[in-house]
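Fold and contact review
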Amino acid sequence: MATSKKGTAKSGGVKFSEEVTAHSHVHFDEKLHDSVVMVIPESNGNFLVKVGFLMTQHKYEIDFTLPDIPSLGNDVCPAPIPNPHIRVTNITHQSEGGMLVHCEYTPHQEGVLCEELTLVSESREDASVRIRVQARVMDRHKGTPMLLDGVRCVGAELEYDSEQSDWQGFD
(Lines give C-alpha, C1' and ligand atoms only; values in the text may rest on other atoms or scores of the structure.)
Protein backbone atom coordinates (compact mmCIF):
# COMPACT_ATOMS: atom_id res chain seq x y z
CA MET A 1 0.00 0.00 0.00
CA ALA A 2 1.43 3.34 -1.02
CA THR A 3 1.53 6.18 1.45
CA SER A 4 1.69 9.81 0.53
CA LYS A 5 4.18 12.12 2.13
CA LYS A 6 2.92 15.60 2.93
CA GLY A 7 5.28 18.56 2.75
CA THR A 8 6.58 21.13 0.38
CA ALA A 9 8.07 19.88 -2.87
CA LYS A 10 11.11 21.80 -4.03
CA SER A 11 12.74 21.47 -7.43
CA GLY A 12 15.40 23.69 -8.98
CA GLY A 13 14.37 27.02 -7.45
CA VAL A 14 10.62 26.51 -7.87
CA LYS A 15 8.52 25.88 -4.75
CA PHE A 16 5.08 24.30 -4.83
CA SER A 17 2.80 24.74 -1.87
CA GLU A 18 1.22 21.62 -0.38
CA GLU A 19 -2.10 23.37 -0.01
CA VAL A 20 -4.29 23.19 -3.07
CA THR A 21 -6.63 26.14 -3.32
CA ALA A 22 -8.53 27.86 -6.08
CA HIS A 23 -5.83 30.57 -6.15
CA SER A 24 -2.62 28.52 -6.19
CA HIS A 25 0.65 30.23 -7.03
CA VAL A 26 4.15 29.15 -7.95
CA HIS A 27 6.93 31.05 -6.17
CA PHE A 28 10.41 31.51 -7.67
CA ASP A 29 13.61 32.05 -5.72
CA GLU A 30 14.81 35.67 -5.83
CA LYS A 31 18.11 34.67 -7.46
CA LEU A 32 16.20 33.66 -10.60
CA HIS A 33 15.19 37.28 -11.30
CA ASP A 34 18.65 38.41 -12.43
CA SER A 35 18.18 39.84 -15.89
CA VAL A 36 21.61 41.31 -16.57
CA VAL A 37 24.60 40.10 -18.56
CA MET A 38 26.83 38.17 -16.15
CA VAL A 39 30.62 38.66 -16.18
CA ILE A 40 32.35 35.79 -14.37
CA PRO A 41 36.10 35.94 -13.64
CA GLU A 42 37.94 32.69 -14.31
CA SER A 43 40.87 31.34 -12.31
CA ASN A 44 43.33 32.00 -15.17
CA GLY A 45 42.58 35.75 -15.28
CA ASN A 46 40.19 35.52 -18.23
CA PHE A 47 36.42 36.13 -18.20
CA LEU A 48 33.21 34.28 -19.11
CA VAL A 49 30.35 36.56 -20.19
CA LYS A 50 26.86 34.99 -20.20
CA VAL A 51 24.41 36.87 -22.43
CA GLY A 52 21.33 34.64 -22.11
CA PHE A 53 18.95 33.51 -24.85
CA LEU A 54 19.31 34.80 -28.41
CA MET A 55 17.96 33.81 -31.84
CA THR A 56 19.80 32.64 -34.93
CA GLN A 57 20.04 35.00 -37.89
CA HIS A 58 19.62 38.10 -35.69
CA LYS A 59 22.21 40.78 -34.93
CA TYR A 60 22.71 41.88 -31.32
CA GLU A 61 24.57 44.68 -29.59
CA ILE A 62 25.98 43.53 -26.26
CA ASP A 63 27.36 45.79 -23.52
CA PHE A 64 29.16 44.47 -20.44
CA THR A 65 31.56 45.90 -17.89
CA LEU A 66 34.87 44.26 -17.05
CA PRO A 67 36.70 45.17 -13.84
CA ASP A 68 39.97 47.10 -14.05
CA ILE A 69 42.73 44.86 -15.38
CA PRO A 70 46.05 46.39 -14.22
CA SER A 71 48.15 44.26 -16.58
CA LEU A 72 46.45 45.85 -19.62
CA GLY A 73 46.81 49.47 -18.52
CA ASN A 74 44.61 52.24 -19.91
CA ASP A 75 45.14 51.80 -23.65
CA VAL A 76 43.17 48.65 -24.46
CA CYS A 77 42.00 47.51 -27.88
CA PRO A 78 40.58 44.33 -29.43
CA ALA A 79 43.13 41.91 -30.88
CA PRO A 80 43.11 41.83 -34.68
CA ILE A 81 41.82 38.25 -34.75
CA PRO A 82 38.99 37.94 -37.29
CA ASN A 83 35.77 36.33 -36.12
CA PRO A 84 32.80 36.44 -38.51
CA HIS A 85 30.25 36.20 -35.70
CA ILE A 86 31.38 38.62 -32.99
CA ARG A 87 33.45 41.80 -32.90
CA VAL A 88 34.28 44.51 -30.38
CA THR A 89 33.07 47.91 -31.60
CA ASN A 90 34.10 50.10 -28.65
CA ILE A 91 35.91 49.98 -25.29
CA THR A 92 35.32 52.82 -22.81
CA HIS A 93 36.97 53.28 -19.41
CA GLN A 94 34.38 54.04 -16.73
CA SER A 95 34.86 56.86 -14.21
CA GLU A 96 33.73 54.52 -11.41
CA GLY A 97 36.25 51.89 -12.54
CA GLY A 98 36.27 49.12 -15.07
CA MET A 99 35.85 49.01 -18.84
CA LEU A 100 32.59 49.07 -20.75
CA VAL A 101 32.93 46.72 -23.72
CA HIS A 102 30.49 47.15 -26.61
CA CYS A 103 30.31 44.38 -29.22
CA GLU A 104 28.14 43.09 -32.06
CA TYR A 105 27.17 39.42 -32.24
CA THR A 106 25.33 37.42 -34.90
CA PRO A 107 24.64 33.84 -33.75
CA HIS A 108 25.02 31.40 -36.64
CA GLN A 109 23.51 28.17 -35.30
CA GLU A 110 21.23 26.80 -32.63
CA GLY A 111 22.58 25.55 -29.28
CA VAL A 112 24.91 26.78 -26.55
CA LEU A 113 27.54 28.83 -28.39
CA CYS A 114 30.76 30.25 -27.03
CA GLU A 115 32.64 32.89 -29.03
CA GLU A 116 36.04 34.20 -28.02
CA LEU A 117 37.32 37.78 -27.94
CA THR A 118 40.81 38.93 -26.96
CA LEU A 119 41.66 42.36 -25.58
CA VAL A 120 45.26 43.51 -25.73
CA SER A 121 47.29 46.42 -24.42
CA GLU A 122 48.64 48.87 -26.99
CA SER A 123 51.60 49.81 -24.78
CA ARG A 124 52.49 46.49 -23.14
CA GLU A 125 53.62 43.78 -25.51
CA ASP A 126 52.48 40.52 -23.90
CA ALA A 127 49.46 41.79 -21.95
CA SER A 128 46.12 40.32 -23.03
CA VAL A 129 42.89 38.93 -21.63
CA ARG A 130 40.49 36.46 -23.23
CA ILE A 131 36.75 36.87 -23.01
CA ARG A 132 34.43 33.98 -23.78
CA VAL A 133 30.91 35.14 -24.68
CA GLN A 134 28.38 32.38 -24.05
CA ALA A 135 24.84 32.45 -25.48
CA ARG A 136 21.98 29.99 -25.59
CA VAL A 137 20.79 30.30 -29.16
CA MET A 138 17.42 29.12 -30.42
CA ASP A 139 16.09 28.89 -33.95
CA ARG A 140 14.27 31.96 -35.22
CA HIS A 141 11.01 29.96 -35.50
CA LYS A 142 10.97 28.78 -31.88
CA GLY A 143 9.75 31.90 -30.11
CA THR A 144 11.07 35.23 -28.91
CA PRO A 145 13.63 35.28 -26.10
CA MET A 146 13.50 37.81 -23.26
CA LEU A 147 16.76 39.72 -23.68
CA LEU A 148 18.94 40.53 -20.69
CA ASP A 149 19.81 44.12 -19.76
CA GLY A 150 22.81 45.02 -21.89
CA VAL A 151 21.62 43.03 -24.93
CA ARG A 152 19.72 44.69 -27.80
CA CYS A 153 18.47 43.16 -31.04
CA VAL A 154 19.42 45.53 -33.87
CA GLY A 155 18.14 43.54 -36.83
CA ALA A 156 17.39 40.24 -38.47
CA GLU A 157 19.07 38.72 -41.48
CA LEU A 158 16.85 37.92 -44.43
CA GLU A 159 15.74 34.33 -44.55
CA TYR A 160 16.75 32.53 -47.71
CA ASP A 161 13.83 30.80 -49.40
CA SER A 162 14.53 29.09 -52.71
CA GLU A 163 10.87 29.33 -53.79
CA GLN A 164 11.15 33.13 -53.92
CA SER A 165 13.85 33.05 -56.59
CA ASP A 166 13.17 34.68 -59.94
CA TRP A 167 15.65 32.42 -61.73
CA GLN A 168 14.03 30.84 -64.78
CA GLY A 169 16.39 27.89 -65.11
CA PHE A 170 18.39 26.57 -68.05
CA ASP A 171 16.92 26.60 -71.58
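Residues numbered from 1 in each chain as written. Predicted model: local features only at pLDDT ≥ 70, side-chain atom pairs only at ≥ 80, totals over all residues. Heavy atoms only, no water.

Phi at Gln-57 is positive, roughly 60°, even though this residue is not glycine. Overall, the relative accessible area of 30% leaves Gln-57 in the partly exposed class. (Buried < 20%, exposed > 50% of the residue type's maximum accessible area, 1.4 Å probe, protein only.)

Let us look at the pairing of strand S5 (residues 47-55). Taken together, the four bridges between strand S4 (residues 38-41) and S5 define a ladder with antiparallel strand orientation. Bridging from a neighbouring strand, Ile-40 pairs with Leu-48 of S5. Linking two consecutive strands that pair antiparallel, namely S4 and S5, is a turn of five residues; a positive phi of about 90° is found at Gly-45 within it. Alignment of S5 against strand S11 (residues 128-138), held across seven bridges, turns out to be parallel. (Pairing = 2+ DSSP bridges. Helix = DSSP H or I, 4+ residues; strand = E, 2+ residues; numbered from the N terminus.)

To continue, consider the pattern of salt bridges. One pass over the structure, following the stated rule, counts seven salt bridges. Two residues, Glu-110 and Lys-142, come together in a salt bridge whose shortest N-O distance is 2.8 Å. Taken as a pair, Glu-110 in the loop between strand S9 (99-105) and strand S10 (111-121) and Lys-142 in the loop between S11 and strand S12 (151-156) lie far apart in primary sequence, 32 residues in all. Judged by its relative accessible area of 39%, Glu-110 is partly exposed. Judged by its relative accessible area of 55%, Lys-142 is exposed. Among the charged side chains, a network of salt bridges with common partners joins Lys-59, Arg-87 and Glu-104. (Salt bridge = Lys/Arg side-chain N within 4 Å of Asp/Glu carboxyl O.)

Taking strand neighbours across the sheet as the criterion, the five strands line up as S4-S5-S11-S10-S7 in an open arrangement whose pairing is mixed. At either end of the open sheet lies a strand with only one pairing partner, and these are S4 and strand S7 (76-78). Within this sheet the neighbouring strands show an average axis-to-axis angle of 30°, counted without direction. Where S7 and S10 come together, three bridges link them in antiparallel fashion. Bridge pairing links Val-76 to Ser-121 in S10. (Axes fitted to C-alpha atoms, helices over the stretch in contact; angles between N-to-C directions.)

Residues with a pLDDT of 70 or more make up 74% of the chain, whose mean pLDDT is 81. Contacts of residues 7-11 to residues separated by more than four positions or lying in other chains number seven contacts, the stretch itself having pLDDT below 50. (pLDDT = per-residue confidence, 0-100. Contact = heavy atoms within 4.5 Å.)

Let's shift gears to the nonpolar core. Residues Val-51, Phe-64, Leu-66 and Leu-119 are the most contacted members of the largest nonpolar core, which totals 32 residues. Sorting the residues of this core by element identifies S5, strand S6 (58-66), strand S8 (86-93), S9, S10 and S11 as the ones contributing at least two each. With six residues, the top contributor of residues to this core is S11. Contact partners of Phe-64, with chain neighbours within four places excluded, come to Val-37, Val-39, Val-49, Met-99, Leu-100, Val-101, Cys-103 and Ile-131. (Core = buried A, V, L, I, M, F, W, Y, C linked by side-chain atoms within 4.5 Å.)

Here we take up the environment of Asp-68. In this fold, Asp-68 is placed in the loop between S6 and S7. For Asp-68, a relative accessible area of 53% translates into the label exposed. Once residues lying within four places of it in the same chain are set aside, the contact partners of Asp-68 are Gly-97 and Gly-98. Separated by 3.0 Å, the side chain of Asp-68 and the backbone nitrogen of Gly-98 make a polar contact. (Polar contact = N/O pair within 3.5 Å; in protein donor to acceptor, adjacent residues only side chain to side chain.)

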